[in-house]
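What follows is the residue order along each chain.
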Amino acid sequence: MSNRENVTASKVTLHMVSSLDGFIARKDNTVSWLDAEGSVYEAGVSVSEEEAAAFVKAIDCYVLGSRTYEHALQLGWPYGDTPTVVVTGRKLPSARKSVAFYSGDLKTLLDEKLAPRYRNIWLVGGAMLSQRFLELGLVDEIRLTIAPVLLGDGLRLFNGSLAEQRWDLKNVVAYKNGFVELSYSAAEDVRISVES
Ligand SMILES: NC(=O)c1ccc[n+]([C@@H]2O[C@H](COP(=O)([O-])OP(=O)(O)OC[C@H]3O[C@@H](n4cnc5c(N)ncnc54)[C@H](OP(=O)(O)O)[C@@H]3O)[C@@H](O)[C@H]2O)c1
């Protein structure tokens, strides 16, 4: 794990869904591009509702940037009652009991508030917060789901501010709906360069 070896057995997974051309949101924030209608990849796997529910149940905590939080509230809250931390410098209204707001150093957030309580921590965006976590070496695993669509424009997952980092491919899952999930863990040289 990246910059947190000595702290805890907890793991931070960054999960994002990207278009083929590297966008995670349309400019108008509509999300129909995430619908899997139409595409069928016969050799792919499908996931039952029970499997999906068991997977989500194993997530102990979500971490979101404030813009992702605001968009999630508009769309219909997808995080259930799982504890969720929203990173913001603003005073935002609390829409749910499971949501706590945090402002300040992100390593302190992980080491002092999240890691002692939660093992399976999911950072679910957006681009700004994810890049900050990556810059600080606070991500153990990247799970990138590629949607079978070119958007042409929108919010880039990576905007060019990151230094080169090498990650090790750990798993690839192709789904029947044409989405592909790529899982990576931080390579040793990422840990060394971020820590030094
Ligand atoms: N495709 C996907 O998988 C996916 C996943 C997640 C989100 N999204 C989309 O991405 C868009 C939002 O992404 P985004 O990059 O614009 O925003 P974001 O990362 O969700 O939120 C950015 C905000 O988080 C707060 N923040 C970030 N870093 C901080 C730090 N170090 N300290 C304190 N506060 C910090 C700031 O909030 P304040 O301004 O409140 O201080 C900042 O304005 C939405 O359209 C969302 O739907 C897509």
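Relevant structure appears above.
Residue indices follow the written sequence of each chain, beginning from 1 at its first position. At least 70 in pLDDT is required for a residue's local features to be given in this predicted model, at least 80 for side-chain atom pairs to be given and counted, and no such filter applies to totals for whole chains, interfaces and linings, which use all residues. Water and hydrogen atoms play no part in the side-chain values, which are based on all heavy atoms of the structure.

The next thing to look at is the site of the ligand. Note on terminology: near, applied to a residue and a molecule or strand, indicates that one of the residue's heavy atoms is within 4 Å of it. Looking at the ligand, there are 23 residues lining it, with Asn29, Thr68, His71, Thr88 and Arg90 nearest. Here a polar contact is taken to be a pair of N or O atoms separated by no more than 3.5 Å, where protein atoms must pair a possible hydrogen donor with a possible acceptor and residues adjacent in sequence count only if both atoms sit in side chains. Contacts to the ligand include Val17, whose backbone N or O atom sits 2.7 Å from an oxygen atom. Here an oxygen atom of the ligand sits 3.0 Å away from a polar atom, N or O, in the main chain of Leu129. The way it works is that DSSP assigns letters per residue, a run of H or I at least four long becomes a helix, a run of E at least two long becomes a strand, and they are numbered from the N terminus. For the shell around the ligand, the secondary-structure elements that each account for two or more residues are strand 1 (11-18), strand 2 (23-25), helix 2 (66-75) and helix 4 (127-135). Here the residues of the shell around the ligand are counted per class, giving 11 nonpolar, nine polar and three charged. The residue classification treats Ala, Val, Leu, Ile, Met, Phe, Trp, Tyr, Cys and Pro as nonpolar and Asp, Glu, Lys and Arg as charged. All others, Gly included, are polar.

The subject of this paragraph is the nonpolar core. Each nonpolar core is a collection of buried residues, namely Ala, Val, Leu, Ile, Met, Phe, Trp, Tyr and Cys, held together in the definition by side-chain atoms within 4.5 Å. Exposure categories follow from relative accessible area, calculated using a 1.4 Å probe and restricted to protein chains: below 20% of the type maximum is buried, above 50% is exposed, and the middle band is partly exposed. Counting 29 residues, the largest nonpolar core has Val63, Leu114, Leu123, Phe133 and Val139 as the members making the most contacts within it. Broken down by secondary-structure element, the contributors of at least two residues to this core are strand 1, strand 3 (61-65), strand 4 (84-87), helix 3 (106-114), strand 6 (120-123), helix 4, strand 7 (141-146) and strand 10 (180-186). Core analysis: the second largest hydrophobic core is formed by 12 residues, Val86, Val99, Trp122 and Val124 among them.

In this section: the pattern of salt bridges. We define a salt bridge as a side-chain nitrogen of Lys or Arg found within 4 Å of a carboxyl oxygen belonging to Asp or Glu. Counted according to the given criterion, the structure contains nine salt bridges. Notably, a salt bridge pairs Glu141 with Lys11, separated by 3.0 Å at the nearest N-O pair. Of the two residues, Glu141 is situated in strand 7 and Lys11 in strand 1; the sequence distance between them amounts to 130 residues. Among the residues examined, Glu141 registers a relative accessible area of 9% and is labelled buried. Taking the relative accessible area as the measure of exposure, Lys11 reaches 36% and is therefore partly exposed. Note that Asp111 and Lys107 form a salt bridge whose closest N and O atoms lie 2.6 Å from each other. Of the two residues, Asp111 and Lys107 are both situated in helix 3; the distance of four residues between them amounts to about one turn of the helix. Take Asp111: its relative accessible area is 19%, and that puts it in the buried class.

Counting buried positions along strand 3 gives five out of five residues, so the element sits mostly inside the fold. Burial along strand 3 is two-sided: Cys61, Val63 and Gly65 and Tyr62 and Leu64, pointing in opposite directions, are all buried. Pairs of strands are assigned from DSSP output, requiring at least two bridges between the strands. Relative to strand 6, strand 3 is paired through three bridges, and the arrangement is parallel. For Cys61, the partnering residue across the bridge sits in strand 6 and is Ile121. Bridge count between strand 3 and strand 4: four bridges; the pairing is parallel. Opposite Tyr62, over in strand 4, you have Thr84 as the bridge partner.

All quantities given are derived from atomic positions and should not be read as evidence of function.
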